[in-house]
Every structure is written in structure tokens, then in C-alpha cells.
Amino acid sequence: EENGGANHAVSPRLEGWFACDSVWRSYDNGDTWERIYHGDWLLNNQEIFIVWPPPALLLRLPCDDLEECCTIYMGVQGTQDLFYSRDCGQCWNKAVNQKLVIQDLTVETENIVYILDEDGYVSTSTQYGRRPSDGVDSGVGSGHSITSCCNQGWVVVGGAGDEPVGWSDDGGETWNLTEDLPGQPEYNVHIACDPICEGTIYAALGMNYAYIPPLPPAPPCLGIYRWVIDESDDWTNMNAFKYGYYGIAIGRSDGTLYAVSDNIHVDPDKCLCDRFVAPAEGYEVYSGVARNLTPCETDCCGEEDWDYLIAGLGTMEPNPVPYWSPTELFNNEPSALRICGCLSKDTNSVLWAIDMDWYDVTDGSDGSLWNYEDCAAKRGITLTSPEDGAIVACDVCASCEGSPLTFKWERMCLACSYDIEIMDEDGNVIAAIEELEITGDPPSLYWDGYDCPDDCAVGCQSPLECGRTYTWHVREANTETDECVHSPWSETWSFTIEASSANAIKLIAPEQGAVVAQRTGVGFSWSSVYDATTYSFVLSASPDLSGALATADVSGTAYAYSGTLDYETTYYWQVTAWKDGTMLSQSDIGTFAVAAEEIIPEPAQPTPPPEVNIPPVQQVTPTWMYVVIAIGIALIVVVVVLIVRSRRPS
């Protein structure tokens with residue numbers, strides 16, 4: 001690991017401190033160590049006074065290789081000395097004829113090395129560093145840190161806090177610049193690339209000092225910032241506390257961002273996840289690591305979610321100075337933080353940080369190498385009950401508002417408290433609890449809709465309504481080690497509470513047990529269910545509804561059967577209410593029968609009347625007719641005679 005820093009101050013040599021820089025190796029995650037290289041790189045190894053910090057030994061691995069790789073590079077800061085080993089540190093070779101004095105270096109592949117000097121120039125070395133190019137001006141203005149972004153194939157350089165960040169996509173031949181960072185000239189810039197969100201760069205700003213206790217309050221422009229290439233116009237403040245940061249690392253399989261600091265302020269009187277405060281006098285001060293699970297995202301309110309990892313570290317009381325200071329000093333330059341185990345989702349990421357104080361060989365105190373295994377960064381909690389898409393029974397009491405149920409999930413890592421959120425089907429949070437301590441295994445939460453948690457847990461339960469669909473998820477909030485460290489949210493599952501007896505489906509017609517006379521065009525109807533989008537209808541001659549005569553999905557509350565039913569037969573029917581594929585309510589099975597066939601007798605045939613033979617009628621002229629005729633003839637004769645007489649001459 002690195003030893004020392006970039007900035008020099010004079011400090012007296014104290015007995016018990018060793019003056020030889022070394023490279024150490026461990027195969028068991030730091031339980032045991034062996035020294036594989038050493039040398040006297042202290043400036044002149046002064047007898048009375050030594051230069052503090054000494055030139056740093058910078059160890060770098062190829063960023064594109066597996067973690068089992070055995071190619072290691074070591075550069076001596078402030079010199080042109082570059083060494084490499086191709087067998088995990090057993091044998092070392094010197095890459096001579098370097099063109100720049102080393103401020104920092106990064107290794108793209110085992111064969112390509114980039115060296116940065118303090119003026120912001122970058123030299124590209126191939127053939128294991130043995131063919132260095134002349135330095136190319138990155139345009140940053142000064143050089144402090146450099147990194148390779150393997151996923152994008154870029155090289156990125158950071159300098160001072162008021163300068164831009166430079167990036168190259170052609171192996172360091174040409175450089176592009178961001179806008180200036182919002183910091184100050186005395187800040188150092190530590191940079192990283194996001195492996196998940198393409199084109200995203202992070203810059204963590206720290207004070208340019210070596211061994212000076214932190215003085216609150218912190219300058220206003222420290223912090224962590226984000227830039228998206230080809231999108232950003234200004235650096236985005238990620239709203240981490242302005243503690244000052246001396247290294248930054250990102251998990252390459254999950255994208256979790258870590259930034260190390262020696263100035264984390266804690267109010268011990270507050271609850272676990274609320275105890276971190278902006279720098280100010282009177283608070284405890286720790287070294288530790290800021291942690292963000294989703295650094296390339298900004299939530300709906302513009303606030304990123306940060307954890308600050310300090311478990312196992314200490315703070316010193318304000319004596320004799322009027323402010324607290326950390327027991328460990330994580331302020332090594334150009335980076336006090338490294339990460340391993342980050343290439344796979346199946347392994348936990350392990351953070352490594354150096355305490356910058358001198359290592360005391362007499363008792364092993366101070367100057368120690370610290371590690372932190374993050375078991376809650378890559379995976380969320382596994383939910384178990386109610387199952388995703390489950391139908392949950394409604395309270396049997398029709399007048400009750402709530403529907404009690406129990407949520408269950410698998411215990412994760414060292415978790416002892418959890419955040420739980422329940423949302424409506426549109427994702428709006430309707431009930432939330434934070435930092436709820438649950439000690440059982442598996443953890444479970446009985447939800448009756450009324451209890452409010454005590455102490456540090458925040459948020460009250462809300463009653464859940466029958467006939468509604470909800471979603472829910474859970475995450476770890478803190479651990480048995482009294483560390484506020486959140487896991488990613490679990491998957492979001494849904495469940496539906498059945499409709500209550502008050503608003504369940506009720507079959508209306510035919511009425512239960514009714515006998516209907518018609519065989520065709522039988523109409524069915526039922527009551528509506530709140531929020532239902534469709535209703536499923538089934539009609540069968542079997543009590544178990546098998547062998548259905550008719551099935552239909554309708555949007556309304558009525559259905560007409562177009563088939564013909566049988567006489568003297570009992571039929572069964574049922575209706576189910578759905579909302580977008582989720583069942584809300586199901587009716588009881590209704591029954592009705594078709595009446596027996598009605599027999600109408602044929603009308604009796606009438607008896608024909610007896611046949612009567614009537615003889616033909618003979619016509620007889622009455623006697624008075626003859627008298628009338630004779631009188632008429634006589635009158636005619638009289639009239640003729642009178643006429644004739646009237647025409648004679650007188």
C-alpha cells in the first residue's frame with residue numbers, strides 16, 4: 001500500500017518509527033502479511049529531522065485485468081523511479097528513462113502506464129513502462145491524480161479545486177476539458193469514472209495539507225461533484241457533507257461510490273442515521289468513508305442518499321485544542337482509498353485505507369492499514385411474504401378500516417433495523433417507517449395500520465383498504481455494529497387485498513335459487529366493485545363450474561346468455577372482478593333452475609251436424625198477384641181511351 005504523501009513538512013524523528021519504505025503482500029485479506037520489496041526512499045534519510053511525509057510509494061494494478069492478476073507497478077512519488085513486477089511481487093524490474101517526475105500514475109493494461117507530473121503533463125509508457133513518450137499537456141493547469149476508465153477507454157486527470165478536469169479518449173495524445181470545479185486553488189482533486197453510467201466523472205475535493213488536525217467549519221466548496229460528458233454545463237454538487245475527501249473509488253460491478261475523509265463530524269446525541277452533521281465546533285470527528293449506492297442518479301427531490309462508514313474507528317477528545325480530532329488519519333495523497341472484490345456481484349467489496357500517522361514498530365499502533373467489508377452494497381433484501389401478486393384476505397369484520405397482514409423477508413448481512421415503504425399501485429408512498437429495529441430471524445412486521453414506532457424509528461403505519469392493490473419494498477438501515485449503512489432497496493412486490501363483504505361482488509339476477517321459465521336470452525347481472533376494470537363471467541351445469549357453458553370477460557355488470565338452456569335443469573354461475581389482471585373480488589356461486597316444460601292440450605275436434613236433405617223448392621205464384629196484374633192492365637186501357645178521345649176535332 002501507499003506510504004506517505006505528496007506534501008512535505010518537517011517533523012522530528014521519534015524512537016520506534018521505522019525509516020524504510022516497503023511493499024507488503026497478503027493472500028488472506030490482510031490477516032497475515034509478508035514484505036516483498038523495500039528500499040530507502042526517504043529524502044536523504046536525515047539523522048535528526050526527516051521530511052514528512054516522505055515520498056509516497058504508489059502501487060497500481062491494471063484496471064482491465066482480473067483481481068488475480070500478478071502484474072504490479074510501483075512509482076516513487078517525486079522521482080522518475082518506476083518499477084514493475086510480473087509475478088505478484090516476487091521479482092522487480094525498473095522501467096528506466098522516464099520523461100516526467102511522478103506525481104501519480106495509472107495502469108490501463110499490464111503493458112500501458114500513464115504518468116502524471118505536478119504540472120498536469122501526462123506521459124504514456126508502453127512495454128511495461130520502458131518506452132515512455134514525451135509529456136503532453138492535459139490542459140488542467142496542475143496535476144494531482146490520474147485514473148484509467150477501463151469501461152470507456154479513457155484517461156482522466158484532476159489537479160486543483162478551481163481547475164477543470166481533463167479527459168482523453170485516444171491514449172493521452174489529445175485532451176478535453178470540463179468546466180472549472182467550484183473549489184479553491186488549495187484543494188486537491190481526486191477523480192473516478194462511473195462504470196455503470198457511461199460518460200459520468202466524479203471529483204472529490206480535499207484540503208491540500210498533510211498532518212494538520214481538521215479545523216471546523218470546513219471550507220464551503222469541498223465535497224463531491226459529478227460531470228456527464230457531452231451533457232453537463234456545470235458540475236453537479238452531490239450534496240455530500242463538506243468534509244474534505246482524499247480518495248475516491250467505485251465498485252465496478254455495482255457502481256457504488258466511496259470517498260475517504262478524515263473530517264467526518266458526528267453528533268452523538270442524535271439517532272444513528274441522523275448523527276452525521278456539517279462540520280462545526282463541538283462535534284466528534286472521525287476518519288471514515290462516504291458511501292453512495294446510486295451516484296449517477298439524483299432522486300426526485302435533488303438529494304442524494306449518503307452513508308458515512310466509521311464503525312471501528314475512533315475520535316480523540318478536545319484536549320488541549322478546543323475541537324475533537326480523529327484517532328486515525330485517512331488523508332493520504334494522492335489517494336487514501338483502494339477497493340477490491342468489486343468486479344463481481346457475487347463478492348463483497350472490501351475497502352482499504354491507510355492511517356497516515358507514523359507506524360510504530362514497537363507495538364504496531366498508528367500508521368495501520370484498515371479494511372472494511374461492505375456486504376450490503378450489491379444486493380437488496382430478498383422478500384418472502386406476501387408473495388408477489390398475492391391475494392390477501394380482507395378483515396372478516398366488514399366495518400373495519402384496516403386489513404392486518406404480516407410482511408416477511410430474509411435477514412441480510414448484519415442488519416438489525418430496516419426501512420419499509422408501502423406504495424399505492426402508482427408508486428406513491430402511503431406508509432413508511434425508517435430504522436425500525438427487528439431482531440427476529442427471519443425479520444417480520446405485523447401491519448395493523450395503527451401502531452407508531454418509538455425512539456428513532458420514523459413514520460407511522462397507515463391502514464390498508466380492502467379491494468386495493470399495493471406495492472412494497474424493504475432495505476437494511478443499520479447493522480449490529482451500530483453502523484448506519486443502507487442496502488439497495490429490495491425488489492418491489494405487489495399484493496391485492498380482497499374486497500370486503502361490504503363491497504364484494506353480489507349476484508343480483510337471477511336470484512339465488514330462482515326458477516326461470518325462459519330457456520334463451522337469459523340475463524345475468526351483479527353489483528360493481530370499486531376500481532374494477534373487467535369482470536369474468538362463468539356459467540356451468542356443474543356445481544364446481546367445470547365444463548362451462550359460457551365464459552366471458554365484460555367491462556360492465558351484466559351479461560346475456562345467447563344459448564339455449566335445458567328444462568328442469570339447475571345451473572351455476574359466478575363472477576370475478578379484476579383490475580388490470582389482478583383479482584379484486586369473487587362472488588359466491590349462484591344457482592338457478594329452468595322450469596319444467598309446460599304441456600298444453602290440443603283443442604277437441606267439434607262433431608259435424610247430421611246431414612238434412614231438403615227437396616227443391618217449387619215456386620207458387622199467389623192469387624192476389626194475378627188480381628194486381630189484371631187491375632194494372634185495365635188502368636192502362638182506360639188511359640189509352642182517354643188520350644184518343646182528347647185528340648178528336650170539336
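Analysis parameters
Residues numbered from 1 in each chain as written. Predicted model: local features only at pLDDT ≥ 70, side-chain atom pairs only at ≥ 80, totals over all residues. Heavy atoms only, no water. Buried < 20%, exposed > 50% of the residue type's maximum accessible area, 1.4 Å probe, protein only. Helix = DSSP H or I, 4+ residues; strand = E, 2+ residues; numbered from the N terminus. Pairing = 2+ DSSP bridges. Patch = residues over 30% accessible without salt bridge, like charges linked within 9 Å, V, L, I, M, F, W, Y side chains within 5 Å. Areas by Shrake-Rupley, 256 points an atom, 1.4 Å probe, with all protein chains shown as cover. Salt bridge = Lys/Arg side-chain N within 4 Å of Asp/Glu carboxyl O. Lys, Arg positive; Asp, Glu negative; His and termini not counted. Charge placed at Lys NZ, Arg CZ, Asp CG, Glu CD. Axes fitted to C-alpha atoms, helices over the stretch in contact; angles between N-to-C directions.

Engineer: What is the right way to read the pairing of strand β38 (residues 469-479) from this model?
Structural biologist: The side chains of a regular strand alternate between the sheet's two faces. Within β38, eleven of the eleven residues are buried, which leaves the element mostly enclosed by the surrounding structure. Alignment of β38 against strand β39 (residues 493-497), held across four bridges, turns out to be antiparallel. What sits directly across from Trp 472, in β39, is Trp 493.

Engineer: Hey, could you run me through a negative patch on the surface in this one?
Structural biologist: Together, Glu 179, Asp 180, Asp 233 and Asp 234 make up a region of like negative charge exposed at the surface. When you line up the elements, Asp 180 lands in the loop between β17 (176-177) and β18 (187-193).

Engineer: Can you help me understand a nonpolar patch on the surface in this one?
Structural biologist: Taken together, the side chains of Trp 24, Trp 33 and Leu 369 define a hydrophobic patch exposed on the protein surface, amounting to about 290 Å² of accessible area. With respect to the helices and strands, the residue Trp 24 is situated in strand β2 (residues 21-25).

Engineer: Any chance you could explain unusual backbone geometry here in plain terms?
Structural biologist: Leave glycine aside and you will find that most residues have negative phi; peptide bonds, for their part, are mostly trans. Cis geometry marks the peptide bond from Glu 333 to Pro 334; its omega dihedral reads 5°. Looking along the chain, the bond that leaves Asp 441 and enters Pro 442 is cis, with omega of 5°. The backbone phi angle of Asn 29 is positive, close to 60°, even though this residue is not glycine. Take Asn 29: it is sitting in the loop between β2 and β3 (34-39). A relative accessible area of 57% places Asn 29 in the exposed class.

Engineer: Is there a simple way to think about the sheet that holds strand β5 (residues 57-60) in this case?
Structural biologist: Through backbone hydrogen bonds, the strands of a sheet pair up, either in parallel or in antiparallel fashion. Strand order in the open sheet formed by four strands is β5-β6-β7-β8, and the pairing between neighbours is antiparallel. With one partner strand each, in any of the chains shown, β5 and β8 (93-94) form the two edges of the open sheet. Bridging between strand β7 (residues 82-85) and β8 involves two bridges; their strand directions are antiparallel. Residue pairing in the sheet places Phe 83 in a bridge with Lys 94 of β8.

Engineer: Is there a simple way to explain the sheet that holds strand β45 (residues 558-564) in this structure?
Structural biologist: An order of β40-β42-β45 is seen for the three strands of this open sheet, with the pairing classed as antiparallel. At either margin of the open sheet sits one strand with a lone partner, and together these are β40 (507-509) and β45. Taking the axes of each pair of neighbouring strands and ignoring which way they run, one obtains an average angle of 30° across the sheet.

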